Amino acid sequence: MREKYKKAVCPGSFDPITNGHVDIIERAAKIFDQINIAIIENPDKKSFFSLKDRVKMVKETTKHIPQIKVESFHGLLVDYSNKVGANAIIRGLRAVSDFEYEFQMALTNRKMNPELETVFFMTDHKYSYLSSSFVKQIAKLDGDISELVPQAVLRNLKRRQK
Ligand code: PNS
């Protein structure tokens, strides 16, 4: 009997995508048949990179993984997941400090849709300190982020500096 097709969403701000995100996505792609990377379009939260640029950078960075689709979404994540027929949400976990927020979000989403399971991937220790917020801070202050983010993000930042 054929196993159930496993489709997941990997949601986030991706402002910008970091090497930590890439590590989680590559590992998740070994387990799930299809992953929709769902980039939030949040009019209430000002992002550093535009939605269009965030989508473009994630697409460029993940083009080597066949089962990845990159999209933006707005509204509730459970509604988006339902629309695309996903049965799991992928999230990365770094330090203990991530736990409370992630726990709350997973339980809230489960309350709204008990069929949608949140699956956590532990970060690789190499990336346990890495966050998009610090990457932005370092970049704004002209620090070197070349080992923290994919090439597509570096190229975007170079263009902005011109
Ligand atoms: O990368 P982030 O900013 O930690 O991602 C947060 C995200 C986009 C996953 C979360 O804010 C989200 O799912 N927003 C959609 C609104 C929603 O469904 N809220 C209820 C669950 S918390």
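Everything quoted here is computed from the prediction, not taken from an experiment. (Residues numbered from 1 in each chain as written. Predicted model: local features only at pLDDT ≥ 70, side-chain atom pairs only at ≥ 80, totals over all residues. Heavy atoms only, no water.)

### Focus: the pattern of salt bridges
The condition is simple: Only one rule defines a salt bridge in this text: a Lys or Arg side-chain nitrogen within 4 Å of an Asp or Glu carboxyl oxygen. Per the convention used, a helix needs a DSSP run of H or I reaching at least four residues, while a strand needs a run of E reaching at least two, with both numbered from the N terminus. Think of it in three bands: residues with accessible area under 20% of the maximum for their type are buried, residues over 50% are exposed, and the middle band is partly exposed, with areas taken using a 1.4 Å probe on protein chains only.
Using the criterion set out here, one finds eight salt bridges in the structure. The salt bridge partner of Lys136 is Asp15, with a shortest N-O separation of 3.0 Å. Residue Lys136 is located in helix H5 (residues 132–140), and its partner Asp15 is located in the loop between strand S1 (7–12) and helix H1 (19–28); the two are separated by 121 residues in the primary sequence. For the pair shown, Lys136 and Asp15 are each scored as buried. Arg91 is the salt-bridge partner of Glu102, the closest N and O atoms lying 2.8 Å from each other. Taken together, the residues Glu102 in helix H4 (residues 96–112) and Arg91 in strand S4 (residues 88–93) connect sequence positions 11 residues apart. Both residues of the pair, Glu102 and Arg91, count as buried.

### Observations regarding the site of the ligand
The line we're drawing: To be near a molecule or strand, a residue needs just one of its heavy atoms within 4 Å of it. The definition of a polar contact used here is a pair of N or O atoms within 3.5 Å, where within protein one atom must be able to donate a hydrogen and the other to accept one, and adjacent residues in sequence count solely through side-chain atom pairs. Methods summary: accessible areas were calculated by the Shrake-Rupley approach with a probe of 1.4 Å, and residue burial reflects only the protein chains presented. In this count, Pro and Cys sit with the nonpolar residues alongside Ala, Val, Leu, Ile, Met, Phe, Trp and Tyr, while Asp, Glu, Lys and Arg are called charged and the others, Gly among them, polar.
Near the ligand, the surroundings consist of Pro11, Gly12, Ser13, Ile40, Phe73, Gly75, Leu76, Leu77, Arg91, Tyr101, Met105 and Asn109. Separating an oxygen atom of the ligand from a side-chain N or O atom of Ser13 is a distance of 2.5 Å. At 2.9 Å from an oxygen atom of the ligand is found a side-chain nitrogen or oxygen belonging to Arg91. Protein chains shield 74% of the accessible area of the ligand, which is 550 Å² for the free molecule. Among the elements of the structure, S1 and H4 are those that each provide at least two residues to the shell around the ligand. Take the shell around the ligand: its biggest share by element is three residues, from H4. Looking at the shell around the ligand residue by residue, the class counts come to seven nonpolar, four polar and one charged.

### Let's talk about the sheet that holds strand S5 (residues 117–122)
Threshold: In this analysis, strands are considered paired if DSSP registers two or more bridges between them. The convention used is that axes are lines fitted to C-alpha atoms, helices contributing only their stretch in contact, and that angles between N-to-C directions extend from 0 to 180 degrees.
On the basis of which strands lie adjacent, the open sheet formed by five strands has the order S3-S2-S1-S4-S5 and parallel pairing. Every other strand in the sheet has two partners, leaving strand S3 (68–73) and S5 as the edge strands with one partner each. Ignoring strand direction, the axes of neighbouring strands in this sheet form an average angle of 30°. For strand S2 (residues 34–40) and S3, the ladder comprises six bridges, and the chain directions are parallel.

### Some details on the pairing of S4
By the criterion of burial, S4 is predominantly enclosed, with five of the six residues buried. Pairing of S1 with S4 involves two bridges; the strand directions are parallel. By the bridge assignment for S4, Val9 is matched with Ile89. Sheet topology note: the S4/S5 ladder contains six bridges and is parallel.

### Looking at the pairing of S1
On a regular strand, each side chain points to the face opposite its neighbour's, so the side chains alternate between the two faces of the sheet. Across the six residues that make up S1, a large majority, six, are buried. With six bridges connecting them, S1 and S2 associate as parallel partners. Considered in S2, the bridge of Ala8 is made with Ile35.

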